[in-house]
Amino acid sequence: MNNSDYNKAENAVDNAENSLKNTANDAKWKVEELADRAKDYINEKRNNDQEAQQEDWFDRVKNNVSDTWENIKDKANDAWEKTKDASEDVKAEWNKKTN
């Protein structure tokens with residue numbers, strides 16, 4: 001078995017890791033932004049002569065977190081599949097060489 005097969009598997013793992021890191025970094029609402037988003041929500045309610053409510057705000061945050069989780073889950077699944085495929089390719093190549 002040659003090094004390029006191992007390198008392919010290692011690259012797949014590295015790509016998966018980078019993809020997950022990018023997804024986490026690109027989360028829609030980072031902690032630092034929550035205060036600004038809360039102020040925007042309160043101003044929006046005030047401008048519409050409505051009362052800002054904590055539960056309504058939490059629902060907005062929860063929906064955003066759910067979307068972010070789905071994005072992370074999708075990236076993690078892609079990473080799993082790519083890594084699994086690469087390891088199966090390495091295994092098949094190894095079996096060819098040893099049989």
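Remember, predicted model here, so these are calculated numbers, not experimental data. (Residues numbered from 1 in each chain as written. Predicted model: local features only at pLDDT ≥ 70, side-chain atom pairs only at ≥ 80, totals over all residues. Heavy atoms only, no water.)

Concerning the overall build of the chain
Thought 1: Scanning the chain from N- to C-terminus turns up 3 helices and 0 strands.
Thought 2: The helix and strand sequence of the chain, counted from the amino end, reads α-α-α.
Thought 3: Per-residue burial over the chain gives 16% buried out of 99 residues.
Thought 4: Of the contacts formed within the chain by residues at least 6 apart in sequence, a portion of 68% connects residues at least 24 apart.
Thought 5: As displayed, the chain offers around 7800 Å² of accessible surface, 46% of which is attributable to carbon and sulfur atoms. (Helix = DSSP H or I, 4+ residues; strand = E, 2+ residues; numbered from the N terminus. Buried < 20%, exposed > 50% of the residue type's maximum accessible area, 1.4 Å probe, protein only. Contact = heavy atoms within 4.5 Å. Areas by Shrake-Rupley, 256 points an atom, 1.4 Å probe, with all protein chains shown as cover.)

As for the packing of aromatic side chains
Aromatic rings considered in pairs are described by the distance between their centres and by the relative angle of their planes.
Thought 1: Tallied over the entire structure, the rule returns 1 aromatic pair.
Thought 2: For the ring pair tyrosine 41 and tryptophan 57, a centre distance of 5.8 Å and an interplane angle of 35° mean the geometry is tilted. With tyrosine 41 in helix α2 (residues 31–47) and tryptophan 57 in helix α3 (residues 54–98), this pair connects stretches of sequence that are 16 residues apart.
Thought 3: Among the residues examined, tyrosine 41 registers a relative accessible area of 3% and is labelled buried.
Thought 4: A relative accessible area of 13% means that tryptophan 57 is categorised as buried. (Phe/Tyr/Trp six-rings, centres within 6.5 Å; stacked < 30°, edge-to-face > 60°.)

A look at α3
The periodicity of an α-helix, 3.6 residues per turn, causes residues three or four positions apart to be oriented the same way.
Thought 1: Look at α3: 64 Å from first C-alpha to last across 45 residues, which is about the 66 Å you get at 1.5 Å a residue.
Thought 2: Those residues of α3 not exposed but buried are Trp57, Val61, Asn64, Thr68, Ala79, Ala86, Val90 and Glu93. (Expected span 1.5 Å × (residues − 1).)

Quick notes on the pattern of salt bridges
Thought 1: On inspection of all chains with the given rule, the structure shows 4 salt bridges.
Thought 2: Between lysine 45 and aspartate 56 there is a salt bridge, with the nearest N and O atoms lying 3.4 Å from each other. Here lysine 45, found in helix α2, pairs with aspartate 56, found in helix α3; they are 11 residues apart in sequence, far enough to count as distant.
Thought 3: Accessibility expressed as a relative area gives 12% for lysine 45, which makes it buried. (Salt bridge = Lys/Arg side-chain N within 4 Å of Asp/Glu carboxyl O.)

A few points about the environment of asparagine 18
Thought 1: Among the secondary structure elements, asparagine 18 is positioned in helix α1 (residues 3–25).
Thought 2: Judged by relative accessible area, asparagine 18 falls into the partly exposed class, the value being 40%.
Thought 3: When the C-alpha positions of asparagine 18 and alanine 79 are compared, they lie 9.5 Å apart, and in sequence the two are 61 residues distant.

A look at the environment of tyrosine 41
Thought 1: Separated by 12 residues in sequence, tyrosine 41 and glutamine 53 place their C-alpha atoms 9.5 Å apart.
Thought 2: Sequence-distant contacts of tyrosine 41, that is, excluding residues within four places in its chain, are made with Ala52, Gln53, Asp56, Trp57 and Arg60.

A short note on the confidence of the model for the chain
Thought 1: Per-residue pLDDT for the chain averages 79, and the proportion of residues at 70 or more is 88%.
Thought 2: Taken element by element, the predicted model of the chain shows its lowest mean pLDDT in α1 (72) and its highest in α2 (87). (pLDDT = per-residue confidence, 0-100.)

Observations concerning unusual backbone geometry
Thought 1: With a phi close to 50°, aspartate 49 is a non-glycine residue in the positive phi region.
Thought 2: If you trace the backbone, aspartate 49 turns up in the loop between α2 and α3.

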